[in-house]
Amino acid sequence: MSVITEASLREHFKKRPDETPEISAKDVITPSARQYLRDKGIELDKILKTSNSSEIKRSHESKRQRDKDIRFQGIENEKSSEYKVVENEYRPFEAIEGSFKPKFVSNYDGGFYEVKPEYMTHLKGNRLVFKDDKRIVFRGKIDSLQSLILEIQYLLKDTKYNGLLSDIDELLNISRNLLRAEVLDEPYQISTLFGLDDMNLRAHSHSPDKHYGVKHFLPSADMGYEIVLLNKLRTNIRELELVAMETFRQGSTIAREDLIRALNRMSSGTYILMCRIRGNYYG
């Protein structure tokens with residue numbers, strides 16, 4: 001079954017002006033396509049009769065072809081295989097009569113596909129976007145962040161700082177919830193992080209000397225493996241914030257301020273973990 005639209009008919013007559021298009025009785029024909037055929041003086045019933053006869057002929061030819069022993073060139077002793085090539089022509093948006101529902105819909109203009117192209121991916125449900133769409137890039141960066149957190153947890157599995165791994169695991173869970181909220185278009189908020197609400201997160205990250213007995217510092221290699229890895233995590237979260245801004249900012253409007261706020265809290269929280277290590281918070 002195919003969907004016959006006015007756009008596809010125009011394209012057909014542009015390439016083959018003297019050739020009547022083949023339309024099957026199983027095909028879905030949009031109202032504007034029907035009108036276009038009438039305007040050209042083409043009777044749809046005659047096309048359907050002719051096409052049905054052609055389909056019967058092609059069916060017999062196809063059966064004969066299936067009875068042949070088809071083998072791939074260069075591969076011996078393999079079972080015969082037959083591949084069906086499906087033409088995946090993009091169809092522009094057009095109102096369709098009846099209950100026809102396209103399998104995949106372009107998120108950009110409402111056009112549809114019968115088969116998902118390899119260069120597109122799901123944004124939500126059956127809505128497709130290009131794989132380099134900003135929201136897909138953002139999701140990929142969150143995935144990379146989760147991968148980094150898992151790597152750090154593995155590398156620090158024997159750390160001497162009791163409680164550090166569970167704090168890092170909290171960051172992992174937040175990143176997973178953040179991704180879920182973006183995919184499902186759900187609001188997201190971090191109520192507490194490491195037992196600290198928004199006000200205390202800000203206070204601890206801005207004034208570590210008051211809470212951990214250490215002043216702001218620039219990380220260095222001699223501060224230990226934990227500091228080096230956490231600083232890498234902090235900078236990756238900062239980079240993800242920039243990707244989020246690129247993704248969700250339209251002029252002076254921010255579509256997902258909640259996600260950007262959550263990333264900001266994560267980077268502040270990671271810096272707090274570094275300050276806790278320097279201030280012997282974990283013992």
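Just above, that's the structure.
Now for a quick tour of the structure. (Residues numbered from 1 in each chain as written. Predicted model: local features only at pLDDT ≥ 70, side-chain atom pairs only at ≥ 80, totals over all residues. Heavy atoms only, no water.)

Some words on the pattern of salt bridges
Side-chain pairing between opposite charges can occur once the charged atoms of the two side chains come close. Our working definition: When a carboxyl oxygen of Asp or Glu lies within 4 Å of a side-chain nitrogen of Lys or Arg, that pair is called a salt bridge. Here a strand is any run of E in DSSP of at least two residues, a helix any run of H or I of at least four, and the numbering for each starts at the N terminus. Any residue under 20% of the maximum accessible area for its type is buried, any over 50% is exposed, and the rest in between are partly exposed; the area is computed with a 1.4 Å probe on protein chains only.
Under the counting rule described, the total for this entry stands at 13 salt bridges. Between Arg139 and Glu182 there is a salt bridge, with its nearest N and O atoms 2.5 Å apart. Highlighted residues: Arg139 in helix α4 (residues 134–155) and Glu182 in helix α5 (residues 164–183), separated in sequence by 43 residues. Like Glu182, Arg139 is buried.

A word on the packing of aromatic side chains
What counts here: Each Phe, Tyr or Trp ring, with Trp reduced to its six-membered ring, pairs with another whose centre is within 6.5 Å; inter-plane angles below 30 degrees give stacked pairs, above 60 give edge-to-face pairs, and intermediate values give tilted ones. The rule for a charge over a ring is simple: NZ of Lys or CZ of Arg within 6 Å of the ring centre, and within 35 degrees of the ring normal.
Under the definition given, this model contains 7 aromatic pairs. Aromatic ring contacts, followed pair by pair, group Tyr161, Tyr212, Tyr281 and Tyr282 into a single cluster. Seen from the ring of Phe217, Arg278 lies directly overhead, with NZ or CZ sitting 5.4 Å from the centre.

Considerations on the sheet that holds strand β5 (residues 120–124)
We count it as follows: DSSP-based pairing: two strands are paired if at least 2 bridges between them are found. When checking whether two residues touch, look at their non-hydrogen atoms; a contact exists if any pair is within 4.5 Å. Between the N-to-C directions of two axes lies an angle of 0 to 180 degrees, each axis being a line fitted to C-alpha atoms and, for a helix, fitted only over the stretch in contact.
Strand order in the open sheet formed by 4 strands is β4-β3-β6-β5, with mixed pairing between adjacent strands. Two strands bound the open sheet, and with one partner strand each, they are β4 (112–113) and β5. Relative to strand β6 (residues 127–130), β5 is paired through 4 bridges, and the arrangement is antiparallel. Across the sheet, residue Thr121 finds its bridge partner in β6, namely Val129. Along the sheet, α4 contacts β5 and β6; its crossing angle with β5, the most-contacted strand, is approximately 85 degrees.

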